[in-house]
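Letter by letter, the chains look like this.
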Amino acid sequence: MADVLVIGYGNPLRGDDGAGWAVAAQLRLLDVASKCEIRTCHQLMPELAADFAEFGAVILIDASAEQEAGTLAIRELAPVAAAGLQVFSHHVTPEALLTMCAELHGRAPRAWLLTIGGKDFGFSEEVSPELGPTISDAVRAIAQIIRTLEGC
Amino acid sequence: MARQITIDPVTRIEGHAKITIYLNDDGVVEDARFHVTQYRGFEKLCEGRPFTEMPSLMARTCGICPVSHLIASSKACDALLAVKVPRTGRLLRRVLNLGQIVQSHALSFFHLSSPDFLLGMDAEPQKRNLFAMVESHPQIARDGIALRKFGQQVIECLAGKRIHPAWCVPGGVSEPLSPECRDSILGQIPQAMAIATRTLEWYKKTFRQFTEEIATFANFPSLFMGLVDEDGNLEFTEGNIRVVDSAGNVIADQLDPSDYQSFIGEAVEPYSYLKSPYYKPMGYPDGMYRVGPLARLNIVDRCNTPRADEEWAEFCELDRRAVLSSFHYHYARLIEIIACLEQMEQILRDPEILDTHVRAHAEPNAFEGVGVSEAPRGMLLHHYRIDRNGLITWANLIIATGHNNLAMNRGVFQAAKHFIRGDKIEEGMLNRVEAVIRCYDPCLSCSTHAIGQMPLRVQLVARDGTLLDEVRRD
């Protein structure tokens, strides 16, 4: 089984909120797809904490309404202090998932969150054309992370 | 001075609602109401759509129980086609429904309600949630996550995706079951059963400490309604309707679901968007009834699977009559998980389960169709009318949470009367009033949108508008 889990998440029916799905779709076309498991989902849910424990690394891709449109942000995540974290039944943050994974399974994978600034979150099954280069950048960044992990 | 307390919104339920508690001049609770505060109107927005779209369209009613709507809607469309669904198609729908019930019951029990059992009704809200459980009771948290994941995987394996699948269609299902999928589910059942069994054993040792809650959480006589098969066994997907009174007597049996309008009335109250169904022969509101896990275990003659029947027999010992306290919805939910897992295994070992004849095809042969199934929270009813072109002209949905509306209101009043005193609000009091609602596991998403944060603001306001007390949860 691949040791890297890639999850693009968001609502693909709400325009740029589907940026994570678009990245996942492009990634599936590349050779690097054979070195990772690629999934898509609408939201992060508590059940993913169990899946995280089965991988050495996790890469998450989300759209951001706060970030400037067309920008890409990449940050490595770490489990945080459990106290005060809230978990709703069908939506949790990436950090909360990592923390749950660490608390429940004794370890957490290395994890990265890539966020792509969106501009149009209206009803549409297409991301804005202007986001095309950013989506490509995200795909390259993920491929680079996976190559780096392979060299570890 | 008469006063009013508002709990808005109610937390750890699916959807948005608020509770209003009315106090008299002496600070004693005089009345209480459960309000569903948002409106979605799926019955109206589907008018003019082709009936073939209905299962997928109606599944969008909810992100928690889309499968339940998919099944009830498909059954209503079966009636429009007037076809007999092939046996394997019916069996596969059953497995899908069982997977849905397992995942939903796991969500309700482990994620939403067990923080109250494990961390205490009086604990601070920020210390009474799933994450706190992860820290304090990691094994139970792991089990909850694993069991829900199992149910979701059953749905994904059969229907292609966990949320809003479209595999269940008018006339049957769109694809047969693969041997790999069958074997994958069968391989996971033992672990799911082990989790369900140890959780039930733990719960049976735990729940008796909640004596006061059992006595006051919607513990009153009512009718109980749900589906049973022709022999009176526990039935989730097909069958006819049975009604049992609070003494455990069957007062109506094998009622045809398509004739529901002759025995279910739908009242409307000005304080809620949720309808108030009632059993017509007893009138409104005396015809109050409950549906869902507690009701199902109260109406059946047996579960008809060995381990669930052992647990059901023990459950029945809680009361010589029907089990009346809604606190026992939690207990019933755990027994039903075991029943679902047993039924699932039986069906998946059926020699015809891999048959490829899973769907009947036809043009519409009737202008009206009703579909009823048991959703995790209780009986779910879809009723459609179409024109000559197969376009929807009228639709009516009665959702499990709606069936329970009168009983939830009565339950909130009972708990408020017992726990709320004077003009000082304490967190534990409010949580108990909310927890009554959580017993029913209401799915308000079926009639409302659930978006964003769910803060809680409670104000105690005098009749002249003076703010006497306020509690906030952000």
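Residues numbered from 1 in each chain as written. Chains lettered and ligands numbered in written order. Predicted model: local features only at pLDDT ≥ 70, side-chain atom pairs only at ≥ 80, totals over all residues. Heavy atoms only, no water.

## Overview of the state of the cysteines
Residue and element names in this part refer to chain B.
Stage number 1. Counting across every chain of the model gives zero disulfides over all chains.
Stage number 2. Cysteine C46 remains unbridged, with the sulfur of C77 as its closest cysteine sulfur at 10 Å.
Stage number 3. Exposure remark for C46: the relative accessible area of 0% places this residue in the buried category. (Disulfide = S-S within 2.5 Å. Buried < 20%, exposed > 50% of the residue type's maximum accessible area, 1.4 Å probe, protein only.)

## Quick look at the packing of aromatic side chains
Residue and element names in this part refer to chain B.
Stage number 1. Taken as a whole, this structure holds 17 aromatic pairs over all chains when the rule is applied.
Stage number 2. Aromatic side chains F109 and F110 sit 5.3 Å apart centroid to centroid with 80 degrees between the ring planes, which places their arrangement in the edge-to-face category.
Stage number 3. What makes F109 buried here is its relative accessible area of 0%.
Stage number 4. Both rings, one in F117 and one in F210, keep their centres 5.9 Å apart while their planes meet at 65 degrees; by these two values the pair is edge-to-face. Note that F117 is positioned in helix α4 (residues 87-119) and F210 in the loop between α7 (179-206) and α8 (211-216), a separation of 93 residues in sequence. The pair F117 / F210 is uniform in exposure class, with both members buried. (Phe/Tyr/Trp six-rings, centres within 6.5 Å; stacked < 30°, edge-to-face > 60°. Helix = DSSP H or I, 4+ residues; strand = E, 2+ residues; numbered from the N terminus.)

## Remarks on helix α1 (residues 19-27) of chain A
Stage number 1. For α1(A), the complete set of buried residues consists of A19(A), G20(A), A22(A), V23(A), A24(A) and L27(A).
Stage number 2. Along its buried surface, α1(A) packs onto β1 (4-9), β2 (37-41), β3 (57-64), β5 (110-117) and α4 (132-151) of chain A. (Contact = heavy atoms within 4.5 Å.)

## Quick look at the sheet that holds β3(A)
Residues and elements named next belong to chain A.
Stage number 1. With mixed pairing, the five strands of this open sheet are ordered in space as β2-β1-β3-β5-β4. Across the chains shown, the open sheet's two edge strands, defined by having one partner strand only, are β2 and β4 (72-77). Averaged over neighbouring strand pairs, the angle between their axes works out to 20 degrees when direction is ignored.
Stage number 2. Sheet topology note: the β1/β2 ladder contains five bridges and is parallel. In the sheet register, Y9 faces β2, and the bridge partner there is C41. (Pairing = 2+ DSSP bridges. Axes fitted to C-alpha atoms, helices over the stretch in contact; angles between N-to-C directions.)

## Overview of the side chain of E43(B)
Residue and element names in this part refer to chain B.
Stage number 1. As for its placement among the helices and strands, E43 is situated in helix α1 (residues 42-45).
Stage number 2. A polar atom in the side chain of E43 sits 3.2 Å from the backbone nitrogen of L397.
Stage number 3. Apart from the residues within four sequence positions on either side, E43 is in contact with K275, A395, N396 and L397. (Polar contact = N/O pair within 3.5 Å; in protein donor to acceptor, adjacent residues only side chain to side chain.)

## Some points on the sheet that holds strand β11 (residues 289-290) of chain B
All names here are of chain B.
Stage number 1. An order of β8-β7-β6-β11 is seen for the four strands of this open sheet, with the pairing classed as mixed. Edge positions in the open sheet fall to β8 (250-255) and β11, since each of these has one partner strand only.
Stage number 2. Alignment of strand β6 (residues 223-228) against strand β7 (residues 240-244), held across five bridges, turns out to be antiparallel. Following the sheet pairing, F224 is matched in β7 by V244.

## A few points about the pattern of salt bridges
Stage number 1. The tally for this structure, following the rule as stated, stands at 36 salt bridges over all chains.
Stage number 2. Residues D51(A) and R39(A) are paired through a salt bridge, measuring 2.8 Å at the closest nitrogen-oxygen approach. Of this pair, D51(A) sits in helix α2 (residues 48-52) while R39(A) sits in strand β2, and the two are 12 residues apart along the sequence.
Stage number 3. Looking at D51(A), the relative accessible area reads 3%, which means it is buried.
Stage number 4. A salt bridge links R198(B) to D143(B); the shortest N-O distance between them is 2.8 Å. Of this pair, R198(B) sits in helix α7 while D143(B) sits in helix α6 (residues 138-159); the two residues are 55 residues apart in sequence, bridging distant segments of the chain.
Stage number 5. Owing to a relative accessible area of 5%, D143(B) belongs among the buried residues under this scheme. (Salt bridge = Lys/Arg side-chain N within 4 Å of Asp/Glu carboxyl O.)

## Digging into the nonpolar core
Stage number 1. Formed by 134 residues in total, the largest nonpolar core has its most connected members in F52(A), L96(B) and L158(B).
Stage number 2. The element that contributes the greatest number of residues to this core is helix α11 (residues 329-348) of chain B, accounting for 13 residues.
Stage number 3. When neighbours within four sequence positions are excluded, F52(A) is seen to be in contact with L5(A), I7(A), V58(A), L60(A), L97(A), L98(A), C101(A), R107(A) and P109(A).
Stage number 4. The next biggest cluster of nonpolar side chains, apart from the first, holds 27 residues, and it includes I61(A), L114(A), I116(A) and I146(A). (Core = buried A, V, L, I, M, F, W, Y, C linked by side-chain atoms within 4.5 Å.)

## Structural notes on the environment of H42(A)
Residue and element names in this part refer to chain A.
Stage number 1. For H42, the position within the fold is in the loop between β2 and α2.
Stage number 2. H42 gets classed as partly exposed once you look at its relative accessible area, which sits at 36%.
Stage number 3. Sequence separation between H42 and P12 is 30 residues, and the spatial gap between their C-alpha atoms is 7.9 Å.
Stage number 4. Excluding anything up to four places from it in sequence, H42 contacts Y9, G10, N11, P12 and W21.

## Points about the pairing of β7(B)
Residues and elements named next belong to chain B.
Stage number 1. For β7, a buried count of four out of five residues is recorded, marking the element as mostly surrounded by other parts of the structure.
Stage number 2. Here β7 pairs with β8 via three bridges, running antiparallel. From the neighbouring strand, V244 faces β8, where its bridge partner is V250.
Stage number 3. In textbook terms, the turn of a hairpin is the stretch between consecutive antiparallel strands, and for β7 and β8 this stretch comprises five residues, one of which, G248, has a positive phi near 90 degrees.

## So, the packing of α7(B) against α11(B)
Relative orientation and spacing of two packed helices are given, respectively, by the angle between their axes and the distance between those axes.
Residues and elements named next belong to chain B.
Stage number 1. Relative to each other, α7 and α11 sit at 155 degrees, their axes nearing to 9 Å. By the angle between their axes, α7 is roughly antiparallel relative to α11. Viewed along their axes, α7 and α11 form a crossing whose handedness is left-handed. Across from R182, I185, L186, I189, A192, M193, A196, T197, T199, L200, Y203 and K204 in α7, the residues of α11 making contact are H330, Y331, L334, I335, I337, I338, L341, E342, M344, E345 and L348.
Stage number 2. Of the residues in the contact of α7 with α11, the class split is 16 nonpolar, three polar and four charged. (Parallel < 35°, antiparallel > 145°, perpendicular 65-115°, else oblique. Left-handed = near helix turned anticlockwise from the far one by under 90°. Nonpolar A, V, L, I, M, F, W, Y, C, P; charged D, E, K, R; others polar.)

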